[in-house]
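These are the residues of each chain, in order.
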Amino acid sequence: MENIGIMGGTFDPIHLGHLALAEAVRDELDLDKVIFVPTGEPPHKDNENLGSGEDRFYMTVLACKGNPYFEVSRIELDREGITYSVDTVKALKELYPADTKFYFILGADSLMELENWREPKTLMSLCSFTAVGRPGFKGKKVESQIKKLREKYKADIVYVEGIRLEISSTDIRTKIASGKSVRYIIPESISEYIENKGLYGFKPEFYPEMGVFKKKLKKELKPGRYIHTLGVAEEAVKLAEIFGEDKHKAYTAGLLHDCAKNFDTKRTFKFCEEYKVALDNILREQPDLIHSFLGAAVAEHEYGIKDGDTLNAIRYHTTGRADMSRLEEIVYLADMTEPNRTFYEGLDKIRELSYHNLKEAVAEALKQTINFNREKGRIVHPLSLEAFEFYKQFLREEII
Ligand code: ATP
Ligand code: MG
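Residues numbered from 1 in each chain as written. Chains lettered and ligands numbered in written order. Predicted model: local features only at pLDDT ≥ 70, side-chain atom pairs only at ≥ 80, totals over all residues. Heavy atoms only, no water.

**Q** For this particular structure, what's the right way to read the overall build of the chain?
**A** A tally of helices and strands in the chain yields 19 helices and six strands. Taken over the C-alpha trace, the chain has a radius of gyration of 30 Å; the compact-globule value for 400 residues is 21 Å, which it surpasses by more than 25%. Viewed in the frame of its principal axes, the chain has a C-alpha envelope of about 90 × 50 × 35 Å. The buried share of the chain, taken over its 400 residues, is 50%. (Helix = DSSP H or I, 4+ residues; strand = E, 2+ residues; numbered from the N terminus. Rg over C-alpha atoms; globule rule 2.2 N^0.38 Å. Buried < 20%, exposed > 50% of the residue type's maximum accessible area, 1.4 Å probe, protein only.)

Quick look at the structure:
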């Protein structure tokens, strides 16, 4: 007589919580094997956002590969329409000798929901269940739920205290989409699969060599400034993609545009001298503007950037200038519209324009900046004025 575990799940993607759960139950109940059953279209989940069945299947296969006790079944994936566990258990029972004992493995959250599954009474008469604790579910609640199901449905439920891993597929998807690491939470083979297929909005680290720059910038910049910098780099890449500009240059310029921003006054003037950054009266009066010009020099001397266009994009990112190159326009705009930027009146307009027409967006951004600085009583740098003179031709009249 064989004892078999059934581990149902969407596995979107499969993670160490699932694997540890299945392994703990197998070990505790001395199961002969555990069959992982990725769901087809589960009735209780938002199917629209569900990862493709084939991807979920392959990931499950990959994850189970090293464990001789683990098997993966396509039984639900190959069934048409909405799939119910009760049908799955029936179908599996037909494939095995009559005296085979099946344990349906459940995390605590699923145990709480069991009664809402299709034909709970039949389901609970067909097989046994093992419930395993999951962070967020109190022992007492789980205990009373088990008691209730035993009384109401004569369910056979074994409680197994697995290792509580606070991992969920939902969390993993969110992490991946926001570029966070999921290392040590899902098997490495699954990470590779997700990266190769670009699942869950995975954003590749475009330019791994930028790691060195990032390390230095993290030290040089205040935390908020560093976050802003990453935002500008990403936004610049987005614009580069739309307008066919070199993404690598866009990323580099975005990353380095503020590299001299948090230098203190002493260091600023010292480096201006050393790198021969000319300081005119306006810059002396408005030292806030120096970081762009100095930034280009620092990018060249300390980060080894040689490309003139990239350096200019850094140099003119604050003031702008007339007839900028496309890369300059992109970095100028990305600085004003990157997603982490605190909101200012007019931001949405510039951002919206930037996705359709770079030059018009630059004109609008210059207009807003010049007005803003005038209102604050600050001197507007002649480069910005010249820039506006040039770019205003691209401003379209509002169509009413
Ligand atoms: P999602 O966040 O998309 O709901 P999930 O991480 O809950 O995903 P499912 O595929 O829904 O994963 O879960 C399959 C089974 O594994 C369920 O019975 C669930 O209770 C259980 N399970 C998932 N993660 C854990 C965990 N960290 N600890 C214990 N049980 C878990
Ligand atoms: Mg779940």
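**Q** How should the pairing of strand β1 (residues 3–9) be read in this particular structure?
**A** Regular strands have side chains that alternate between both faces of the sheet. Among the seven residues that make up β1, six are buried, leaving the element largely enclosed by the rest of the structure. Both β1 and strand β4 (residues 101–107) contribute to a ladder of five bridges, which runs parallel. Residue pairing across strands places isoleucine 6 opposite phenylalanine 104, the latter belonging to β4. Here β1 pairs with strand β2 (residues 33–38) via six bridges, running parallel. Within β2, the position partnered with glycine 5 by the bridge is valine 34. For the crossover from β1 across helix α1 (residues 16–29) to β2, the handedness is right-handed. (Pairing = 2+ DSSP bridges. Right-handed = clockwise from strand over helix to strand, strands pointing away.)

**Q** Would you mind going over unusual backbone geometry with me for this structure?
**A** Peptide bonds are, in most cases, trans, and in most cases residues other than glycine have a negative phi. Omega for the peptide link from aspartate 12 to proline 13 comes to 0 degrees, which places this bond in the cis form. Within the secondary structure, proline 13 sits in the loop between β1 and α1. Even without being glycine, tyrosine 184 reaches a positive phi, approximately 70 degrees. Its place among the elements puts tyrosine 184 in the loop between α7 (169–177) and α8 (188–197). Assessed through its relative accessible area of 66%, tyrosine 184 is described here as exposed.

**Q** It is not clear to me how a negative patch on the surface should be interpreted in this structure. Could you clarify?
**A** Taken together, the side chains of Glu2, Asp27, Glu28, Asp30 and Asp32 define an acidic patch exposed on the protein surface. The topology assignment puts aspartate 27 in helix α1. (Patch = residues over 30% accessible without salt bridge, like charges linked within 9 Å, V, L, I, M, F, W, Y side chains within 5 Å. Areas by Shrake-Rupley, 256 points an atom, 1.4 Å probe, with all protein chains shown as cover. Salt bridge = Lys/Arg side-chain N within 4 Å of Asp/Glu carboxyl O. Lys, Arg positive; Asp, Glu negative; His and termini not counted. Charge placed at Lys NZ, Arg CZ, Asp CG, Glu CD.)

**Q** Even after reading the chapter, I still don't get the environment of phenylalanine 104, so can you show me in this structure?
**A** Inspection of the secondary structure puts phenylalanine 104 in strand β4. Judged by its relative accessible area of 4%, phenylalanine 104 falls in the buried class. Through-space distance from the C-alpha of phenylalanine 104 to that of valine 89 is 8.6 Å; in sequence the pair is 15 residues apart. Filtering out sequence-adjacent residues up to four positions away, phenylalanine 104 remains in contact with Ile6, Gly8, Ser85, Val89, Trp117, Cys127, Ser128, Phe129 and Thr130. (Contact = heavy atoms within 4.5 Å.)

**Q** Got a minute to help me understand the packing of helix α9 (residues 211–220) against helix α11 (residues 247–256) in this structure?
**A** Packed helices, taken two at a time, are described by their axes: the angle between them and the distance between them. Close contact between α9 and α11 brings their axes to 10 Å; oriented N to C, the two are set at 15 degrees. Considered as vectors, α9 and α11 are oriented roughly parallel to each other. The handedness of the crossing between α9 and α11 is left-handed. Residues Phe213, Lys214 and Leu217 of α9 pack against Tyr251, Thr252, Leu255 and Leu256 of α11. Counted by class, the contact of α9 with α11 contains five nonpolar, one polar and one charged residues. (Axes fitted to C-alpha atoms, helices over the stretch in contact; angles between N-to-C directions. Parallel < 35°, antiparallel > 145°, perpendicular 65-115°, else oblique. Left-handed = near helix turned anticlockwise from the far one by under 90°. Nonpolar A, V, L, I, M, F, W, Y, C, P; charged D, E, K, R; others polar.)

**Q** What should I look at first to understand the pairing of β2 in this one?
**A** Summarising burial for β2: six of the six residues are buried, a large majority. Of the two faces of β2, both are covered, the one formed by Lys33, Ile35 and Val37 as well as the one formed by Val34, Phe36 and Pro38.

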